[in-house]
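Structural overview for review
In case you want the letters, here they are:
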Amino acid sequence: MLLPNLLKYCKRWLPIVYLESIKRSNGIDYYICKKIKENGKWKHQIVKKLGKISKPEAEQKLAEYKPKYEKQRNMIDGKINNLNEYKKRHGIPYDIWDFKERGDGGDKNFHGNTSPKVIRQILLMLTKPLDFIVDPMAGSGTTIDVCKKLGRKFNAFDLYPKREEIEEHDAVQSWYLDDPADLIFIHPPYWNLVGYGNKQNDLSGTATIRDYYRLLQRALANAYESLKRNKYIVVQQGDLVQEGRFYPLCSETFQILKEVGFIPHHEIIKLAHGDTSRKKSGMLVSEYIWQKQWKISHDRVLVFKKMN
Ligand SMILES: C[S@@+](CC[C@H](N)C(=O)[O-])C[C@H]1O[C@@H](n2cnc3c(N)ncnc32)[C@H](O)[C@@H]1O
């Protein structure tokens, strides 16, 4: 809804610039001016005062200025085209995401599944067609389905593969990829909120929260090794309240990402309307209020970059 307005706004404020030389009305000084279209009206704006020079000299100065302004104009055209493309594909340029419906992809009955809309937004903003995307905790394979729709290559693995396209591999052990990734998406278990199994290194099965962070750190260090430089890792994480204790998994994960070498790039708040949480929400809310806490109703989507 907001994007068409944004586009209108950008078109209005990204000036359409033409350079021209005009003589001042008193007939003495020459100026280089640009002609700008704002709110549908043309107006002149002075760029540089040339002073009392002859007309041929003024035209010479103008010719020197022109390439710089043509570059600027091309850049503006590029930005508008880019924005048009983003709009066509329903990209959301804001960092609070509130999807009323989950969307198609992966398995909505898989406990802890990601909304395909989250992955779609990430791929639209940070990748291009044929980029190579890796999801090392692939669950029901939502990342695979979004990659197929958007024409990205992928590699997905998990301790407990649920589909043929998902390889069985432990993200805590070294990853052996044919190529480094253009983007890594990880949606880890929110510690033991959902138990996925009892294999060694299952992040959902650690005895203590410390062990969880230790395994997550090893998985994220592997991600660092497997990502191309100047590319992004995106981690969707959620906090946890258990028996009245708050576990700030998002903030700790933010810290771990920094410790393994990534640089923060952005952060998105994704509002949670999961079916399971909706069913339980009445019961949970009374429990949380009893404990003087709030019901967690958002995930954080942490976007980090591997620098040069
Ligand atoms: C929150 S789910 C991911 C859901 C997935 N994004 C989807 O949309 O279906 C977390 C996944 O991490 C996997 N997992 C836990 N520990 C792992 C490990 N050491 N290596 C690989 N996968 C692991 C679990 O099996 C589970 O499938």
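Look a little higher up for the structure.
My aim in this report is to walk through the structure given alongside it, one point at a time. Since we're looking at a predicted model, the values are computed, not measured. (Residues numbered from 1 in each chain as written. Predicted model: local features only at pLDDT ≥ 70, side-chain atom pairs only at ≥ 80, totals over all residues.)

1. Observations concerning the overall build of the protein chain
Scanning the protein chain from terminus to terminus reveals 7 helices and 13 strands. Relative to its 308 residues, the protein chain shows a buried fraction of 27%. For the protein chain, contacts bridging at least 24 residues in sequence account for 61% of all contacts bridging at least 6. (Helix = DSSP H or I, 4+ residues; strand = E, 2+ residues; numbered from the N terminus. Buried ≥ 20, exposed ≤ 12 C-beta atoms within 10 Å, placed from the backbone. Contact = placed C-beta atoms within 7 Å.)

2. Quick notes on the packing of helix α3 (residues 116–126) against helix α4 (residues 142–150)
For the pair α3 and α4, interaxial distance at closest approach is 9 Å and the crossing angle is 50 degrees. Judged by the angle between their axes, α3 and α4 are oblique. In this structure, the crossing between α3 and α4 has a hand that is right-handed. Of the residues in α4, those in contact with P116, I119, R120 and L123 of α3 are T142, T143, D145, V146 and L150. For the contact of α3 with α4, the per-class residue count stands at 5 nonpolar, 2 polar and 2 charged. (Axes fitted to C-alpha atoms, helices over the stretch in contact; angles between N-to-C directions. Parallel < 35°, antiparallel > 145°, perpendicular 65-115°, else oblique. Left-handed = near helix turned anticlockwise from the far one by under 90°. Nonpolar A, V, L, I, M, F, W, Y, C, P; charged D, E, K, R; others polar.)

3. Details of the sheet that holds strand β6 (residues 153–158)
Overall, mixed pairing links the 8 strands, which are arranged β4-β12-β13-β9-β8-β5-β6-β7 in an open sheet. Edge positions in the sheet fall to β4 (96–97) and β7 (166–168), since each of these pairs with one other strand and no more. Alignment of strand β8 (residues 181–186) against strand β9 (residues 227–237), held across 5 bridges, turns out to be parallel. Across the sheet, residue F185 finds its bridge partner in β9, namely V234. The strands touched by α4 are β5 (132–135), β6 and β8; relative to β6, the strand with the most contacts, the crossing angle is about 175 degrees. (Pairing = 2+ DSSP bridges.)

4. Details of the site of the ligand
The environment of the ligand is formed by 24 residues, the closest being G112, M137, G139, S140 and T142. Looking at the shell around the ligand, its residues break down into 11 nonpolar, 10 polar and 3 charged. (Near = placed C-beta within 6 Å.)

5. Comments concerning the pairing of strand β3 (residues 41–51)
Taken across its 11 residues, β3 has 0 buried, putting it largely on the surface. Here strand β2 (residues 30–38) folds back onto β3, and the loop between the two strands holds 2 residues, one of which, N39, carries a positive phi near 50 degrees.

6. A closer look at the nonpolar core
If you look at the biggest cluster of nonpolar residues, it comprises 47 residues, and the most contacted ones within it are I133, L183, I184, F185, I233 and V234. Sorting elements by how many residues they give to this core places helix α5 (residues 209–226) first, with 6 residues. (Core = buried A, V, L, I, M, F, W, Y, C linked by C-beta atoms within 7 Å.)

7. Some remarks on the packing of α5 against helix α6 (residues 249–259)
Interaxial distance between α5 and α6 falls to 10 Å at its minimum, and their mutual angle equals 40 degrees. It follows that α5 is oblique to α6 by the angle criterion. Here α5 runs over α6; the crossing is right-handed. Judged by residue contacts, Y213, L216, Q217 and L220 of α5 engage E252, T253, I256 and L257 from α6. Its residues assigned to classes, the contact of α5 with α6 shows 5 nonpolar, 2 polar and 1 charged.

8. Considerations on the environment of E164
Residue placement: E164 occurs in the loop between β6 and β7. Judged by local crowding, E164 falls into the exposed class, with 7 C-beta atoms found within 10 Å.

Such coordinate-based values are descriptive only and should not be taken to indicate function.
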